[in-house]
Amino acid sequence: MITEKAVVLYRGSLKSCNYGCSYCPFSKHRGSGREYDRDRDQWFRFVESLLENGGKAPERSTGAVMVVPYGEALIHDWYWQGLGRLTAGTSLDCAGAQTNLSFSVGRSVDLYREAGGQTGKLSLWATFHPEMTDVETFADQCLRVRREGIRICAGAVGVPENLESIRRLRQLLPRDMYLWINKMDGMERPYTVSERQEFEKIDPYFSRELAAVEADESRCRNRFFVESDGRVRRCNISRVLTENWYDRLPGQKSRMRAGCGRKRCSCYLAYGGREDVMNRILFGSYPVFRIPRKMKAVFLDIEGTLIPRGETEISSFAKRDLELLARQGTGLFFATTLPVREARKRCRALWPLFSGGVFAGGAHVVLREEKGEKEVLYPMDRRWLRIMREEGRNRRARVLAWERRGILYKITLLRPRQLPWKEDEIREVSENCDNRGEGQVRVFAEDCCLQVVPYTASKAEGVKTLCLWLGISLSEAAAAGNSAEDEEMLRITGNPDPFLSDDP
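Residues numbered from 1 in each chain as written. Predicted model: local features only at pLDDT ≥ 70, side-chain atom pairs only at ≥ 80, totals over all residues. Heavy atoms only, no water.

Participant: I'd like to hear about the sheet that holds strand β19 (residues 477-480), residue by residue, with values.
Facilitator: As summarised here, the arrangement of the six strands in space is β14-β13-β12-β11-β10-β19, forming an open sheet in which the pairing is mixed. Of all strands in the sheet, those bounded by a partner on one side alone are β14 (372-377) and β19. Each strand of the sheet is rotated relative to its neighbour by a mean of 15°, with strand direction disregarded. For strand β10 (residues 297-300) and β19, the ladder comprises four bridges, and the chain directions are parallel. Bridging across to β19, Leu300 finds its partner in Ala480. Sheet contacts for helix α14 (residues 459-470): β10, β11 (331-335), β12 (356-359), β13 (364-369), β14 and β19; angle to β13, the most-contacted strand, approximately 25°. (Pairing = 2+ DSSP bridges. Helix = DSSP H or I, 4+ residues; strand = E, 2+ residues; numbered from the N terminus. Axes fitted to C-alpha atoms, helices over the stretch in contact; angles between N-to-C directions. Contact = heavy atoms within 4.5 Å.)

This is the structure in structure tokens:
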């Protein structure tokens, strides 16, 4: 099973900024030469720690690094040089920073490239500050960055008094450049209905900013927030973990322990960096960069993905995101080993949002359209039912046969929850099937269920069929899942995410 890569956020000791925004404490401080030297040395120490360790964070390899400074980092050469070294010297998929975009684009990108950096691996989260720059200048900087081949999102704090300038910014930026809105902290009243609607016209995901997301440390095991002195947190607002970043030896496995200490994920870096499935669907492999992915169809596993292990239903937060995607015209499809009837029971509240899917591990594919329904069934010879009943008697399993219109398309060998299928048992049943008809069926297990489906049926093949019916390419689809059955489906769809593992 492929393990997900880690995301590492870095915050140095820099506490100064070239902007003088009235609300920001860091605008009041001008850094000294000694402070800058210290920040530069700390940053390069962190960069070296990743280079020396082969790009590894504790317990797993690193996929992305993001600089999240208190002040403005990218006006300083050393950050560009360090980001360049990271993207040149490790297997990082991407690196980047939060920034006010006040740097010289040409000179800064030259420094990055001279250090070996690849602009295709660079992502910037740019914030518009109405007190310090005008809309036209900021929009022009965004376009300059983009012309260099750098991925970028732009945004602003949702101050109601700034609504007109933010609307103007939306008009000047390309439609496919995401303009996010952060909720305004410290506002002594909730947003009015009208204000919320206006901000949602600009940022379709603004409702996510206003939702209360309960903290859940189990969804943060693949991220680390590193302070300048090596202290580590899971995110910018959680408590410090037990081990210092620099206590590790190259290649050493490490387990950093500490509770989250928060009741709510109260900002985007907190809730957007979690391993929630909808974060990945909406914003790709590394949601912390806040750059949405573009897709026309989404394929979602149910058990362990839409409905996390141990839960009985999808979270209200994920349901809200699915409703938003459906309103935007994105096709939603299940991709599950459950038959249609069982999938509908598990996802009754979501069912109207979905247009069909891949069911029974790929043995049943359904597309519901206004003009009617398309489906394909992969039939199994009925002799397999007799064979599986014999296996069931020998292995203390109840046999369930799934049929539609007289066609047998899936068999399940069901055992009690306390008696999951072991690897040697799965192998034995699979070999027995091959001996009786090689290449006719395939066998795989999910906890206490041993599934038998036609050999050519799989989630990946079902996704291909649906994309063909929809008239879209695989690159225009996204998928999410958490088992070996999902791996090929994830690989063939556009912007594939790391394979989601349930292993801690």
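Moving on, there is more to tell.
Participant: Just give me the short version of the sheet that holds strand β16 (residues 407-414), but keep the residues and values in it.
Facilitator: Hydrogen bonds between backbone atoms are what pair the strands of a sheet, whose relative direction is either parallel or antiparallel. Overall, antiparallel pairing links the four strands, which are arranged β15-β16-β18-β17 in an open sheet. Each of the sheet's edge strands pairs with one partner strand only, and the pair in question is β15 (398-404) and β17 (441-446). Mean inter-strand twist for the sheet, computed between neighbouring axes without regard to direction, equals 20°. Pairing geometry for β17 and strand β18 (residues 449-454), over six bridges, is antiparallel. Looking at the pairing, Ala445 lines up with Leu450 of β18. Contacting β15, β16, β17 and β18, helix α12 (residues 383-394) crosses the sheet at an angle of about 5° to β16.

Participant: Let's hear about the pairing of strand β7 (residues 179-182): which residues, and what values?
Facilitator: Every second residue of β7 is oriented toward a common face, with Leu179 and Ile181 on one face and Trp180 and Asn182 on the other, all of them buried. Sheet topology note: the strand β6 (residues 151-157)/β7 ladder contains four bridges and is parallel. If you follow Val157 over to β7, its bridge partner there is Asn182. For the crossover from β6 across helix α5 (residues 163-172) to β7, the handedness is right-handed. (Buried < 20%, exposed > 50% of the residue type's maximum accessible area, 1.4 Å probe, protein only. Right-handed = clockwise from strand over helix to strand, strands pointing away.)

Participant: Summarise empty space enclosed by the protein; cite the residues concerned and give the values.
Facilitator: Scanning all chains against the criterion turns up four cavities of 30 Å³ or more. Its residues placed into classes, the lining of the largest cavity shows seven nonpolar, one polar and six charged. (1 Å grid on protein atoms, 1.4 Å probe; cavity = no way out; pocket = protein on both sides within 12 Å on 5 of 7 lines; lining within 4 Å. Points joined across faces, edges and corners; volume = space filled by probe spheres on them. Nonpolar A, V, L, I, M, F, W, Y, C, P; charged D, E, K, R; others polar.)

Participant: How would you sum up the side chain of Glu485? Please name residues and give values.
Facilitator: Note that Glu485 resides in the loop between β19 and α15 (487-492). At 2.8 Å, the side chain of Glu485 forms a polar contact with the side chain of Arg442. Excluding residues that lie within four positions of it along the chain, Glu485 makes contacts with Gly361, Arg442, Phe444 and Lys459. (Polar contact = N/O pair within 3.5 Å; in protein donor to acceptor, adjacent residues only side chain to side chain.)

Participant: Just give me the short version of the packing of α5 against helix α6 (residues 193-202), but keep the residues and values in it.
Facilitator: Between two packed helices, both the angle of their axes relative to each other and the distance between the axes serve to describe the pair. Packing of α5 against α6 brings their axes to within 10 Å, and their N-to-C directions diverge by 20°. As far as their axial angle goes, α6 and α5 are roughly parallel. In this structure, α5 crosses over α6, and the sense of that crossing is left-handed. Across the interface between the two elements, Leu163, Ile166, Arg167 and Arg170 from α5 touch Glu198, Phe199 and Ile202 from α6. Of the residues belonging to the contact of α5 with α6, the class tally is four nonpolar, no polar and three charged. (Parallel < 35°, antiparallel > 145°, perpendicular 65-115°, else oblique. Left-handed = near helix turned anticlockwise from the far one by under 90°.)

Participant: I'd like to hear about the pattern of salt bridges, residue by residue, with values.
Facilitator: All told, the structure shown has 39 salt bridges when counted by the stated rule. The partner of Arg107 in a salt bridge is Asp77, and the shortest N-O contact between them spans 2.8 Å. In this pair, Arg107 is assigned in helix α3 (residues 105-114) and Asp77 in helix α2 (residues 77-89), connecting sequence segments 30 residues apart. Here Asp77 falls in the partly exposed class, since its relative accessible area comes to 27%. Arg233 is the partner of Glu227 in a salt bridge, and the nearest nitrogen-oxygen pair spans 3.0 Å. As far as burial versus exposure is concerned, Glu227 and Arg233 are alike and both buried. (Salt bridge = Lys/Arg side-chain N within 4 Å of Asp/Glu carboxyl O.)

Participant: Outline the packing of aromatic side chains, supporting the account with residue identities and numerical values.
Facilitator: A full pass over the atoms with the stated rule returns 27 aromatic pairs. Taken together, a centroid distance of 5.8 Å and an interplanar angle of 65° make the contact between Tyr178 and Tyr205 edge-to-face. One end of the pair, Tyr178, is in the loop between α5 and β7; the other, Tyr205, is in the loop between α6 and α7 (206-210), and 27 residues separate them in sequence. The exposure class assigned to Tyr178 is buried, which follows from its relative accessible area of 9%. Arranged with centres 6.0 Å apart and planes meeting at 85°, the rings of Tyr271 and Phe317 form a pair that is edge-to-face. Of this pair, Tyr271 sits in helix α8 (residues 268-271) while Phe317 is found in helix α10 (residues 316-327), placing the two residues 46 residues apart along the sequence. In this structure, Tyr271 and Phe317 share a single accessibility class: buried. By the ring-pair criterion, three or more aromatic residues cluster together here, those being Tyr10, Tyr36, Trp43, Phe46, Trp78, Tyr79, Phe224 and Trp245. In this arrangement the basic side chain of Arg40 is found over the ring face of Trp78, its NZ or CZ atom lying 5.5 Å from the centre. Over the ring of Tyr246 we find Arg45; its NZ or CZ atom is 3.6 Å from the centre of that ring. (Phe/Tyr/Trp six-rings, centres within 6.5 Å; stacked < 30°, edge-to-face > 60°. Lys NZ or Arg CZ within 6 Å of the ring centre and 35° of its normal.)

Participant: Kindly report on the environment of Thr99, identifying the contributing residues and their values.
Facilitator: Note that Thr99 resides in strand β4 (residues 94-99). Looking at Thr99, the relative accessible area reads 4%, which means it is buried. With 98 residues separating them along the chain, Thr99 and Gln197 place their C-alpha atoms 27 Å apart. Ignoring any residue separated from it by four or fewer positions in sequence, one finds Thr99 in contact with Glu72, Leu74, Leu124, Trp125, Ala126 and Thr127. Within the local environment of Thr99, its side chain forms a polar contact with the side chain of Glu72, the two groups lying 2.8 Å apart.

Participant: Help me get a handle on the side chain of Thr330, residues and values and all.
Facilitator: The topology assignment puts Thr330 in the loop between α10 and β11. A relative accessible area of 11% places Thr330 in the buried class.

Participant: Lay out unusual backbone geometry with the relevant residues and their values.
Facilitator: Look at Ala360: it is not a glycine, yet its phi comes out positive at around 55°. Topologically, Ala360 is positioned in the loop between β12 and β13. On the basis of relative accessible area, Ala360 is assigned to the buried category, the value being 1%. Positive phi is not limited to glycine here, since Arg405 has a value of about 55°. Relative to the helices and strands, Arg405 resides in the loop between β15 and β16.

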